[in-house]
Amino acid sequence: MTQLALVIDLNVCVGCHACVTSCKQWNTSGSAGPLADFEPYGKDPSGVFFNRVQTFEVGEYPNTQTVHFPKSCLHCEDPPCVPVCPTGASYKRASDGIVLVDYDKCIGCKYCAWACPYGAREVDSERKVMTKCTLCVDRIYSEELPEAERKPACVMACPTSARLFGDIHDPDSEVSLAIRDNAGYALMPEWGTHPANHYVPRRKTPMHIHEDELVRVDNPLKVDRLLPKPAKSEPSLDDVMSW
Amino acid sequence: MRLDFSVLLLTTLIGVGQGFFLALFTVQLYALFGLLASQDGPMFYAHGSLISFAFLVAGLVASFFHLGRPARAWRAAAMWRTSWLSREVIVLPAFMGIVFSFGAAHFVDFRFVLATLPSGIAIDSTVMLGVLGTVLAFALFVCTAMIYACLPFLREWASTLTVINYILLGGASGFTLAAAFASWIASDLTRFFAGWALIITLLGLASRVASLIRNARLKPKSSLQTAIGIKHPRIAQKAMGFMGGSFNTLEFMHGKSNAVLRSVKWVFLAAAFALPVLLLAATLAGAPAGLLTLAFVVQYVGLLAERWFFFAQANHPQNLYYQAVA
């Protein structure tokens, strides 16, 4: 069984919001109609976004890390938003595991949004239906796009390749490797939703300097070791210069 | 959680309608077994059913106002296998149909005897409709409450007490209305209804206080650490990703201060329980029966406050992601 998902590398994300804007651009231009935007240039703008980048500060000054945290629908393997939907508008595709909303069936009761612990769903108050990340279902299978571009818009836009896309049930896929090799984890595991999207944690990049890296082992004359060393009784360079 | 006033009206109005129907049929059952004088003429049940039906219709109408696309509401019956909301959508009209039929059967005096008990008591069509209505009334209470109680991460709701509260609070308001109704048209039942209303209101108080105590002792399971998956005791949000409003910042927060929340709690404890208990007890002790109408009005307002508090108290884990604008 296929389970398409995003793997987001928090070690690489720089918080540029390119995934946010590219997501909005693609999804507001699709056949489902524009996403609501109220007073986009006014005093109190509001509107629908499927993807947000949030920023957290971890630790206490001076030992802090700024973590940029992109958040969209996690396409849970056991999505709590699907069984509660009274009309069947909210569903999970058996073929690829994407959780979608059928906009023609949705009655806009918002119950699914209440049933999502991650706050991944947003009501479009213009279309009066529930909306959410579709994993760019209209891109990834589109035959009009070159094959290299059949990826979610956010993945295409990410300048640091912090967002990977693929099948997490395929053990050899790029996303499965990223999860396995870099300790990818799921959000709020306590609710048993089994999110398909995973996050790869911050990693320290330690520098190991060995003795043989300081001293050139291939130097036959050992010039490095023969630097002039004045005796303790002789004036040092500092003493000379301070005249 | 922020709530639509329409959901507030829906849950309280149908609660009154269900409780009131249960009160009506309780009288018929008592009369059937000779424990109460039977109500002469069909009008007691017919008028009563009409009142119950009116409350149910009002609740149903109110429910449409919280839908984005009310014209598609019929679709909501589709997923009854998995969704408590869908089950409610099926049970509510079914119950309304039975209430209407129950009233109509009494009105035209349609008493087709279906069975006779060994003691000679005839079980006629009105009794069967009443039994069916009773089952559906309880089913509707369970459906309405389970819509909230089935969400595990809304821990203030995910409890058996939610279901018990919906049953007892709906029952209490229905029986109080029945006491007022009896005082208008059939005074010999006033004390019967007032007595039951008093008992159910006190039971409701006990279970509501139990759920308040339970909720006060809840410790959150989700934290910022599990929300973003970083194991560090000190995490502070610096930006939620946008500075304008959004569904996430409006739908899941009640937007009132804790002081307001606390005062609403005392208001509903007084108006939904303490005052009606005093008024019902006073009537039982011989005070004028007109107080019963006041008791119902006060209790209904109290239940509106109770429902507001019920929604406002629920703390959605998604709020962990929206704690600082920038």
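Everything below is about the structure shown above.
Just so it is clear, the model here is predicted, and its values are computed rather than measured. Each chain carries its own residue numbering, running from 1 in the direction its sequence is written. Naming scheme: in the order in which they are written, chains are lettered from A and ligands are numbered from 1. The predicted origin of the model limits local features to residues at a pLDDT of at least 70 and limits the giving and counting of side-chain atom pairs to 80 or more, whereas totals for whole chains, interfaces and linings rest on all residues.

(A) How the structure looks around the overall build of chain B. Secondary structure is summarised from DSSP: a helix means a run of H or I of at least four residues, a strand means a run of E of at least two, and numbering begins at the N terminus for each. Assigned secondary structure in chain B consists of 10 helices and three strands. Secondary structure of chain B in N-to-C order comes out as α-α-α-β-β-α-α-α-α-β-α-α-α. Dimensions of chain B, computed from the C-alpha atoms along their principal axes, are close to 75 × 45 × 35 Å. A burial count over chain B gives 47% of its 326 residues as buried. Once C-beta atoms are placed from the backbone, any two residues with those atoms within 7 Å are in contact. For chain B, long-range pairs separated by at least 24 residues make up 77% of all intrachain contacts whose partners lie at least 6 apart in sequence. Whether a residue is buried, exposed or partly exposed is read from the other C-beta atoms within 10 Å of its own C-beta, which are placed from the backbone; 20 or more gives buried, 12 or fewer gives exposed, and intermediate counts give partly exposed.

(B) Focus on the packing of helix 1 (residues 5-32) of chain B against helix 5 (residues 160-185) of chain B. All names here are of chain B. Between helix 1 and helix 5, whose axes approach to 7 Å, the crossing angle comes to 65°. At the point where helix 1 passes helix 5, the crossing takes the right-handed sense. Residues Gly15, Val16, Gln18, Gly19, Phe20, Leu22, Ala23 and Leu24 of helix 1 touch helix 5, and the partners they reach there are Tyr166, Leu169, Gly170, Gly171, Ala172, Ser173, Gly174, Phe175, Leu177 and Ala178. Polar here means any residue outside two lists: the nonpolar Ala, Val, Leu, Ile, Met, Phe, Trp, Tyr, Cys and Pro, and the charged Asp, Glu, Lys and Arg; Gly therefore counts as polar. Taken together, the residues that form the contact of helix 1 with helix 5 break down as 11 nonpolar, seven polar and no charged. A fitted line through C-alpha atoms serves as each axis, taken over the contacting stretch for helices, and the angle formed by two N-to-C directions is quoted from 0 to 180°. Two helices that cross are described as forming a left-handed crossing if the nearer one is turned anticlockwise from the farther one by less than a right angle, and a right-handed crossing if clockwise.

(C) Inspection of the interface of chain A and chain B at higher detail. Listed by partner, the interface residues are 46 residues for chain A and 45 residues for chain B. For the side of chain A that touches chain B, the elements supplying multiple residues, two or more each, are strand 4 (51-60), strand 5 (63-72), helix 2 (81-84), helix 3 (111-114) and strand 8 (122-124) of chain A. Classifying every residue of the side of chain A that touches chain B by side-chain character gives 28 nonpolar, eight polar and 10 charged. In this structure, strand 4 of chain A lies alongside strand 3 (residues 235-239) of chain B, joined through four bridges in antiparallel fashion. Residue pairing across strands places Glu57 of chain A opposite Ala236 of chain B, the latter belonging to strand 3 of chain B. Two strands are counted as paired when DSSP detects at least two bridges linking them.

(D) Just the environment of Phe38 of chain A, in detail. Residues and elements named next belong to chain A. Among the structural elements, Phe38 can be located in strand 2 (residues 37-38). Given 14 C-beta atoms within a 10 Å radius, Phe38 is considered partly exposed. Residues Phe38 and Glu126, 88 residues apart in the sequence, show an inter-C-alpha distance of 9.2 Å.

(E) Region of the structure containing the sheet that holds strand 10 (residues 163-167) of chain A. Residues and elements named next belong to chain A. The three strands are arranged 10-1-11 in an open sheet whose pairing can be described as mixed. Edge positions in the sheet fall to strand 10 and strand 11 (198-200), since each of these pairs with one other strand and no more. Geometrically, the sheet is characterised by an average inter-axis angle of 25° between neighbouring strands, direction not taken into account. Of the pairings in the sheet, the one linking strand 1 (residues 4-9) to strand 11 comprises three bridges and is parallel in character. From the neighbouring strand, Ile8 faces strand 11, where its bridge partner is Tyr199. Running at roughly 115° to strand 10, helix 6 (residues 174-181) makes contact with strand 1, strand 10 and strand 11 of the sheet.

(F) View of the pairing of strand 1 of chain A. All names here are of chain A. With six of six residues buried, strand 1 is to be regarded as a mostly interior element. Burial along strand 1 is two-sided: the face carrying Leu4, Leu6 and Ile8 and the face carrying Ala5, Val7 and Asp9 are both buried. In this structure, strand 1 lies alongside strand 10, joined through five bridges in antiparallel fashion. Residue pairing for strand 10: Ala5 is matched across the bridge by Gly166.

(G) Up close: the environment of Val267 of chain B. If you trace the backbone, Val267 of chain B turns up in helix 9 (residues 258-284). As for Val267 of chain B and Cys143 of chain B, which are separated by 124 residues in sequence, their C-alpha atoms are 27 Å apart.

(H) Helix 9 of chain B, seen in detail. All names here are of chain B. In a helix, the anticipated span is given by 1.5 Å times the number of residues less one. Here helix 9 is 27 residues long and its end C-alpha atoms lie 38 Å apart, about the 39 Å a rise of 1.5 Å per residue gives. We define the bend at each residue as the angle formed by axes fitted to the 7 residues ending at it and the 7 residues starting at it. The principal kink in helix 9, of about 35°, is found at Ala270. Of the positions making up helix 9, those classed as buried are Phe268, Ala271, Ala272, Phe273, Pro276, Leu279, Leu280 and Thr283. Elements that come into contact with the buried residues of helix 9 comprise helix 5, helix 6 (190-216) and helix 10 (291-313). A positive phi of about 115° marks Gly286, the residue just after helix 9.

(I) Region of interest: unusual backbone geometry. All names here are of chain A. Of the consecutive residues Tyr61 and Pro62, the connecting peptide bond is found in the cis state with omega at 10°. Mapped onto the elements of the fold, Pro62 is located in the loop between strand 4 and strand 5. For Met188, which is not a glycine, the phi torsion comes out positive at approximately 40°. Position of Met188 among the secondary structure elements: in the loop between helix 6 and strand 11.

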